[in-house]
Amino acid sequence: MDVLYWIIIAVMFVIAFIGLVYPIIPSVVFIVAGFVLYGFLFTFGHYSYLFWIIEGIFTAVLFAADYITNLLGIKRFGGSRAAIWGSTIGLLIGPFVIPVAGIILGPFIGALAGEMIVHQKDIKTAAKIGIGSLIGFISGVLAKSVIQLIMIGYFLYTVL
């Protein structure tokens, strides 16, 4: 049974990584679910207050990384709040409207549309800001991947 339990916990962590590119899946919820499942299936005895504090800090950093990378990517290329909102909306809707490619095109098109509609920017400037949004999204995925790996690594260090 132990092997089955570990497989279930590992599936939670894999789903968390899928959530990095499909933002409709709340990655951090699946990571924490893996921790809690371990507690229910094995024991909560390995978890200390320090464990939960450290994982809580990493969770906050995970949320901040998502917002900051998108913000920096757009701002660095001259975008506004409209581009940030457009990028976020595009990121959420894109994968459903354009399967697979929508993950990449959604934030780009959203930022481009936000700048063109709200600030009447020309297509070249708006496209540049859209590229900034895409760079921000990819940077965010990379940063969040590292943070999630650290969270899972610390969990494994704690329980093994």
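My aim in this report is to walk through the structure given alongside it, one point at a time. Only a predicted model underlies this, so the values are computations on that prediction, with no experimental measurement involved.

1. Some words on the overall build of the protein
So, point 1. From N to C terminus, the protein includes six helices and zero strands.
So, point 2. Written out in order from the N terminus, the α and β elements of the protein read α-α-α-α-α-α.
So, point 3. C-alpha atoms of the protein, sized along the principal axes, occupy 60 × 30 × 20 Å.
So, point 4. Per-residue burial for the protein yields a buried fraction of 39% across its 160 residues.
So, point 5. Total accessible area on the protein stands at roughly 8800 Å², and carbon and sulfur atoms take up 79% of it.
So, point 6. A distance of 17 Å separates the average location of the 7 positive side-chain charges in the protein from that of its 5 negative side-chain charges.

2. Some words on the nonpolar core
So, point 1. In terms of nonpolar packing, the biggest core is built from 17 residues, with Phe13, Ile31, Phe35, Tyr38, Tyr47, Phe51 and Phe155 touching the most fellow members.
So, point 2. Elements supplying a minimum of two residues to this core: α1 (2–18), α2 (27–41), α3 (49–76) and α6 (123–159).

3. Considerations on the layout of surface pockets
So, point 1. Roughly 540 Å³ of volume is contained in the largest pocket.
So, point 2. If you go around the largest pocket, you meet 27 residues; those closest to its centre are Pro23, Asp66, Tyr67, Leu91 and Lys144.
So, point 3. For the lining of the largest pocket, the elements supplying multiple residues, two or more each, are α2, α3, α4 (81–97) and α6.
So, point 4. With seven residues, the top contributor of residues to the lining of the largest pocket is α3.

4. Looking at the packing of aromatic side chains
So, point 1. Following the criterion strictly, the structure yields 19 aromatic pairs and no others.
So, point 2. With 5.6 Å between their ring centres and 35 degrees between their planes, tryptophan 6 and phenylalanine 42 make a pair best called tilted. Taken together, the residues tryptophan 6 in helix α1 and phenylalanine 42 in the loop between α2 and α3 connect sequence positions 36 residues apart.
So, point 3. Residue class for tryptophan 6 comes out partly exposed when judged on its relative accessible area of 27%.
So, point 4. Summarising the aromatic geometry, the rings of tyrosine 47 and phenylalanine 155 are spaced 6.5 Å apart at their centres and angled 45 degrees between planes, so their arrangement reads as tilted. With tyrosine 47 in the loop between α2 and α3 and phenylalanine 155 in helix α6, this pair connects stretches of sequence that are 108 residues apart.
So, point 5. A relative accessible area of 10% places tyrosine 47 in the buried class.

The rules we used
- Residues numbered from 1 in each chain as written.
- Predicted model: local features only at pLDDT ≥ 70, side-chain atom pairs only at ≥ 80, totals over all residues.
- Heavy atoms only, no water.
- Helix = DSSP H or I, 4+ residues; strand = E, 2+ residues; numbered from the N terminus.
- Buried < 20%, exposed > 50% of the residue type's maximum accessible area, 1.4 Å probe, protein only.
- Areas by Shrake-Rupley, 256 points an atom, 1.4 Å probe, with all protein chains shown as cover.
- Lys, Arg positive; Asp, Glu negative; His and termini not counted.
- Charge placed at Lys NZ, Arg CZ, Asp CG, Glu CD.
- Core = buried A, V, L, I, M, F, W, Y, C linked by side-chain atoms within 4.5 Å.
- 1 Å grid on protein atoms, 1.4 Å probe; cavity = no way out; pocket = protein on both sides within 12 Å on 5 of 7 lines; lining within 4 Å.
- Points joined across faces, edges and corners; volume = space filled by probe spheres on them.
- Phe/Tyr/Trp six-rings, centres within 6.5 Å; stacked < 30°, edge-to-face > 60°.

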